[in-house]
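# Coordinate inspection notes
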Amino acid sequence: MEQFILRNAEPKDVSDILRLIKELAKFEEMEEQVVLTEKELLEDGFGEHPFYHCVVAEVPEEKQTPEGYRVVGFAMYYFTYDPWIGKLLYLEDFYVMKEFRGYGIGSEILKRLSETAVKCRCSSMHFIVAEWNKQSIEFYKRRGAADLSHEEGWRLFEIGKQSLIKMSAK
Amino acid sequence: MKYSIRSARAQDCRDIERMIMELALYEKMPDQVKISHKELERDGFGPNPFYQCLVAEVPEERSSAEGHTVVGYVLYYYTYSTWSGRCIYMEDLYVMPQFRGEGIGKALMASVAKVCREQQCVRLQFSVLDWNKPSLEFYLSKGAQDLTDKEGWHLLRFDGEALESLAEEAP
């Protein structure tokens, strides 16, 4: 079994986190949509009002990548609110580098997040998955996740900056 | 003035609870509502709020038959996109049926859009049930995009037993 530790992200991890965010975006075929910078990640995650929480997976020096990376996986989450059941944990991003898969890092991260959810009195953990991402959907369904878009008909909507400016000007 | 939009106060939680149930009834899931005004007060008006809320209020002479003057609400919170940073997620938007058609829904949404601008949030996200045609049309007319349709995103959930057994496996 590959050695690794899970720990809460620290300010020094922002460059690794951004690197992994871009790798995941590349996999989702939307790499050019990542406009976030290290500076924003630092301010938004480790400032006065954190907008997110992050857990990272780190391997010892002898297992690092050829480029010298030791942070090989991460999960970013935050707390949301459902007016029917209260606090929820929302999983925003979850990724393990390809060469470090198959050693249980993903499973350990998920377990740690669900433990956090239960400790914080969250009724459930929500997240979104692209419907073509069969591998991930299977990973989650095997662990008991329900597809609410399929079961209850929920569709995700978004209003972008331009439309928001128009709306707020009225 | 026909109505006003203001930030919710702790005392509004009973009205918010009432309207949450009305919206749940419309969404055909009233038995899924498990929290009351007590949790709403604790979670929205404590030292670490888990949500923000704006309410629409009418003057007393326009109150509903039961005497309610708080006739609409929007409940939202801050989220984070690893691609573009700060976002707002609009969890609930509701106006009592007898007060519709006056622009209250639009005003509540415009107020949230204003918060987005002030807090440098790049987008507003929310979910709509696929059979809810009036709401789908309302949002599309405001420039919303259906990301489930466009990009194939599905909402998944771990809850109850599944969440507990996952947590129990943690070292």
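This report concerns the structure included in the present document. Small disclaimer: the values here were computed from a predicted structure and weren't measured.

### What to know about the interface of chain A and chain B
Every contact between the two is made by 70 residues of chain A and, on the other side, 72 residues of chain B. Across the chain A to chain B interface the summed buried area is about 7200 Å²; carbon plus sulfur atoms make up 63%. Of all residues in chain A, the largest losses of buried area upon contact with chain B belong to Y81(A), W84(A) and F157(A), amounting jointly to 14% of the total for that side. Between chain A and chain B we count 5 salt bridges in total. The salt bridge involving D149(B) is made with R155(A); its shortest N-O contact spans 3.9 Å. Counting every contact that joins chain A to chain B gives 28 residue pairs in polar contact (both at pLDDT 80 or more). Class assignment of the residues belonging to the side of chain A that touches chain B gives a composition of 36 nonpolar, 15 polar and 19 charged. Where strand 7 (residues 154-159) of chain A meets strand 6 (residues 145-146) of chain B, 2 bridges bridge the pair, whose relative direction is antiparallel. Note that in strand 6 of chain B the partner of F157(A) across the bridge is D146(B).

### Quick word on the environment of S163(A)
Structurally, S163(A) can be placed in helix 6 (residues 161-169). Leaving out residues up to four positions away in the same chain, S163(A) has contacts with K142(B) and G143(B).

### Some thoughts on the packing of helix 1 (residues 13-26) of chain B against helix 2 (residues 37-44) of chain B
Packed helices, taken two at a time, are described by the angle between their axes plus the distance between the axes. Residue and element names in this part refer to chain B. Between helix 1 and helix 2, the least distance of the axes is 9 Å, while the angle of their chain directions is 120 degrees. Here helix 1 lies oblique to helix 2, going by the angle between them. Two packed elements cross with a definite hand, and for helix 1 against helix 2 that hand is right-handed. Counting all contacts with helix 1, which are made through C13, R14, I16, E17 and I20, the residues of helix 2 involved are H37, L40 and E41.

### Here we look at the nonpolar core
Judged by nonpolar contacts, the single largest core of 120 residues is most densely connected at L41(A), Y140(A), Y73(B), L124(B) and F158(B). Discounting chain neighbours no more than four positions away, the residues touching F158(B) are L110(A), S124(A), M125(A), F127(A), Y140(A), R143(A), G144(A), A145(A), L163(B) and L166(B).

### Side note on the packing of aromatic side chains
Under the counting rule described, the total for this entry stands at 21 aromatic pairs over all chains. Taking 6.2 Å as the distance between ring centres and 85 degrees as the angle between the ring planes, the aromatic pair formed by F79(A) and F50(B) counts as edge-to-face. Of this pair, F79(A) sits in strand 3 (residues 71-82) while F50(B) sits in the loop between helix 2 and strand 2 (52-57), placing the two residues on different chains. Take F50(B): its relative accessible area is 17%, and that puts it in the buried class. Over the face of the ring belonging to Y69(A) we find R19(A), whose NZ or CZ atom lies 3.7 Å from the ring centre. One cation-aromatic arrangement involves K28(B) over W131(B); the distance from NZ or CZ to the ring centre is 4.2 Å.

### Section: the pattern of salt bridges
Counted according to the given criterion, the structure contains 17 salt bridges over all chains. The partner of R123(B) in a salt bridge is E158(A), and the shortest N-O contact between them spans 3.3 Å. Highlighted residues: R123(B) in strand 5 (residues 123-129) and E158(A) in strand 7, drawn from two different chains. Look at E158(A) and you get buried, because its relative accessible area is 13%. A salt bridge links D15(B) to R18(B), with the shortest nitrogen-to-oxygen separation between them at 2.8 Å. Of this pair, D15(B) and R18(B) both sit in helix 1, 3 residues apart, which is roughly one turn of the helix. Here R18(B) falls in the buried class, since its relative accessible area comes to 16%. Connected through shared salt-bridge partners, R7(A), E10(A), D13(A) and E58(A) make up one network.

The rules behind these values
- Residues numbered from 1 in each chain as written.
- Chains lettered and ligands numbered in written order.
- Predicted model: local features only at pLDDT ≥ 70, side-chain atom pairs only at ≥ 80, totals over all residues.
- Heavy atoms only, no water.
- Contact = heavy atoms within 4.5 Å.
- Buried area = accessible area lost by both parts, 1.4 Å probe.
- Salt bridge = Lys/Arg side-chain N within 4 Å of Asp/Glu carboxyl O.
- Polar contact = N/O pair within 3.5 Å; in protein donor to acceptor, adjacent residues only side chain to side chain.
- Nonpolar A, V, L, I, M, F, W, Y, C, P; charged D, E, K, R; others polar.
- Pairing = 2+ DSSP bridges.
- Helix = DSSP H or I, 4+ residues; strand = E, 2+ residues; numbered from the N terminus.
- Axes fitted to C-alpha atoms, helices over the stretch in contact; angles between N-to-C directions.
- Parallel < 35°, antiparallel > 145°, perpendicular 65-115°, else oblique.
- Left-handed = near helix turned anticlockwise from the far one by under 90°.
- Core = buried A, V, L, I, M, F, W, Y, C linked by side-chain atoms within 4.5 Å.
- Buried < 20%, exposed > 50% of the residue type's maximum accessible area, 1.4 Å probe, protein only.
- Phe/Tyr/Trp six-rings, centres within 6.5 Å; stacked < 30°, edge-to-face > 60°.
- Lys NZ or Arg CZ within 6 Å of the ring centre and 35° of its normal.

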